[in-house]
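# Close look at the chain arrangement
Here is how the chains run, residue by residue.
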Amino acid sequence: MLLKPFRKAFQFRKYRLLAPGPVPLHPKVQKELAKPMIHHRTPEFEACLASVLSKLKLCFKTSEPVMIHASTGSGAMESAIVNTLSPDDEVIAVVSGKFGERWAKIAGAYGVKAHILEVPWGEAVTVAQIDSALARHPRSKAVLCQACETSTATAHPIREIAALLRSRKEVLFMVDAITAIGAMPLPMDEWGIDVVVSGSQKAFMLPTGISFIALSKKAWGFHASAKCPRYYWDLKPEKAANEKQQSFFSSAVSHVRALNIALDSLSGPALERTIARTEKMAKLSREAVSEMGLQVYSKAPASAVTAILLPENISGEKLRDHIEKKYSVTLMGGQDQLKDKILRMGHLGFIEDNDLSAGIEAIGLALIEFGYANIDRKKLKTITANLSNQLKASRGKD
Ligand SMILES: *Cc1c(COP(=O)(O)O)cnc(C)c1O
């Protein structure tokens, strides 16, 4: 069923997408996406690709090449495995939610044995847990971890884990940074991360459809002897083509052109501003949640997304649907063990101040309509006004 604003000819309510991907697009990006198609083997496109590839390095903060796959983020996760590992290799996979499970399954599909380091949902893994997992499985060739486990809105201590692994020449640190790049600091080279993957429909502020991957020098060393079957995902010919300002296969022309625009807010000093803005939105959302008498679900909340733990007598699915139908705000619910229990609100993409406050207001109003007694409309007004003022104040310093 179409959302109300699209069904009726005129309804003056803005549709607000507050999911942790896909995300609202900046008008400049939308305009770029609407441009007529050109061929990817043209000087015009090659210049664009060259610009994108150099900005991507600034975004990932690496001197190594960052490559693009015409796939969703999961494709880049698969690429990370097949480009560095061999069947029968062992790895440690941090599993603290849906995306951790996915990476372990991808490894398994290639015959790579994943030792699952199970972390309770909503909690961050500790460096000590990684250290002892490595002691239990000394043949492990990699540690797989999310920077932000989007399903539980939890951030893992990537910098600290990287510091632990840096001196171990035989172990790669692979990070799913799909909701981390552009949302939290993740300087690949400085922290010493070996493989970083990301995807377009998160902080990159693009539609779903392309993904990114970068390998450290150490990871390129693994590539040479990695025996997992690969053809489409092989990064070697892609890297060689990129050196000639081309892609090995057809380029996702529209996405790449739009990326060239979006990267202006994700590279150089603008990157720090974008991250600071995301962190601010997350902090203010957490404060608003607690002012509403509710709890943030995660014990180590991420900046890309906030998970709100709902009162037991309120169905998360019903609340989510109600918010979408009545207030035209799309939020996400929980999956598996969190189904019906949480609401997840994304802080990624082109989110203006009033989008965030409208999102918080919609949650509050819906809760009141569902019989939640800890707030009333008056208190909700104070909460949203306070949030708006703080956003405005932080904006002044941009
Ligand atoms: C969105 C996401 C993915 C990838 O999902 P795709 O649907 O394949 O793009 C992987 N990991 C995390 C942490 C994500 O948030």
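Scroll up for the structure.
Figured I'd write up the structure that's included with this text. (Residues numbered from 1 in each chain as written. Predicted model: local features only at pLDDT ≥ 70, side-chain atom pairs only at ≥ 80, totals over all residues. Heavy atoms only, no water.)

Moving on, we get to the overall build of the protein chain. When you go through the protein chain residue by residue, the secondary structure sums to 15 helices and 14 strands. What you see for the protein chain is a C-alpha radius of gyration of 21 Å, in line with the 21 Å of a compact globule of 398 residues. Along the three orthogonal principal directions, the C-alpha set of the protein chain runs to about 65 × 55 × 40 Å. For the protein chain, the share of sequence-separated contacts (at least 6 apart) that also reach a separation of at least 24 residues comes to 72%. For the protein chain, the exposed surface amounts to about 16900 Å²; the carbon and sulfur share of it is 55%. With 53 positive and 40 negative side-chain charges, the protein chain shows a spacing of 4 Å between the two charge centroids. (Helix = DSSP H or I, 4+ residues; strand = E, 2+ residues; numbered from the N terminus. Rg over C-alpha atoms; globule rule 2.2 N^0.38 Å. Contact = heavy atoms within 4.5 Å. Areas by Shrake-Rupley, 256 points an atom, 1.4 Å probe, with all protein chains shown as cover. Lys, Arg positive; Asp, Glu negative; His and termini not counted. Charge placed at Lys NZ, Arg CZ, Asp CG, Glu CD.)

Okay, unusual backbone geometry next. Backbone geometry follows two general trends: most residues other than glycine have a negative phi, and most peptide bonds adopt the trans configuration. The residue after glycine 21, namely proline 22, is reached through a cis peptide bond having omega -5°. Here alanine 153, not a glycine, exhibits a phi torsion of approximately 60°, which is positive. Of note, alanine 153 is situated in the loop between strand S6 (148-149) and strand S7 (154-155). Its identity as a non-glycine residue notwithstanding, methionine 205 has a phi of 60°, on the positive side.

Bringing the sheet that holds strand S14 (residues 342-346) into the picture now. Taken together, the three strands give an open sheet; going across it, the order is S11-S12-S14, and neighbouring strands pair in antiparallel fashion. Here the strands that pair on one side only, and so sit at the sheet edges, are strand S11 (295-296) and S14. Strand direction decides the pairing type here: strand S12 (residues 305-309) and S14, joined by five bridges, are antiparallel. By the bridge assignment, isoleucine 308 is partnered in S14 with leucine 343. Helix H14 (residues 353-369) contacts S12 and S14 of the sheet and is inclined by roughly 170° relative to S14. (Pairing = 2+ DSSP bridges. Axes fitted to C-alpha atoms, helices over the stretch in contact; angles between N-to-C directions.)

Throughout the structure, instances matching the rule amount to 22 salt bridges. Taking the shortest distance from any N to any O, the salt bridge between lysine 141 and aspartate 89 comes out at 3.3 Å. Placement of the pair is lysine 141 in strand S5 (residues 140-146) and aspartate 89 in the loop between helix H4 (73-82) and strand S3 (90-95), with a sequence separation of 52 residues. Of the residues examined, lysine 141 reaches a relative accessible area of 32% and is grouped as partly exposed. Salt-bridge contacts for glutamate 324 lead to arginine 320; the nearest nitrogen and oxygen are separated by 3.3 Å. Taken together, the positions of glutamate 324 and arginine 320, both in helix H13 (residues 316-327) and four residues apart, correspond to about one turn of that helix. The burial state of glutamate 324 is the same as that of arginine 320; both residues are buried. Here the salt bridges share partners, and the residues they tie into one network are Lys14, Arg16, Glu352 and Asp355. (Salt bridge = Lys/Arg side-chain N within 4 Å of Asp/Glu carboxyl O. Buried < 20%, exposed > 50% of the residue type's maximum accessible area, 1.4 Å probe, protein only.)

We now examine the nonpolar core. Counting 54 residues, the largest nonpolar core has Leu56 and Phe204 as the members making the most contacts within it. The greatest single-element share of this core, amounting to eight residues, is contributed by helix H3 (residues 43-60). Leucine 56 has contacts with Val66, Ile68, Phe204, Phe212, Leu259 and Leu263, leaving out every residue within four places of it along the chain. (Core = buried A, V, L, I, M, F, W, Y, C linked by side-chain atoms within 4.5 Å.)

Before going further, it helps to examine the environment of alanine 107. Along the chain, alanine 107 falls in helix H5 (residues 98-109). Classification of alanine 107 by relative accessible area gives buried; the value is 0%. With residues up to four places along the chain from it excluded, the contact list for alanine 107 reads Ile81 and Val112.

Around the ligand, 13 residues are found, and the nearest of them are Thr72, Ser74, Thr150, Asp176 and Lys202. At a separation of 2.9 Å, an oxygen atom of the ligand approaches a polar backbone atom of glycine 73. Between the ligand and lysine 202 there is a distance of 2.7 Å, counted from an oxygen atom to a side-chain nitrogen or oxygen. For the ligand, whose free accessible area comes to 380 Å², the fraction covered by protein is 88%. Put simply, the parts of the chain that give the shell around the ligand at least two residues each are H4 and H5. The dominant element in the shell around the ligand, judged by the number of residues it contributes, is H4, at three residues. (Near = heavy atom within 4 Å. Polar contact = N/O pair within 3.5 Å; in protein donor to acceptor, adjacent residues only side chain to side chain.)

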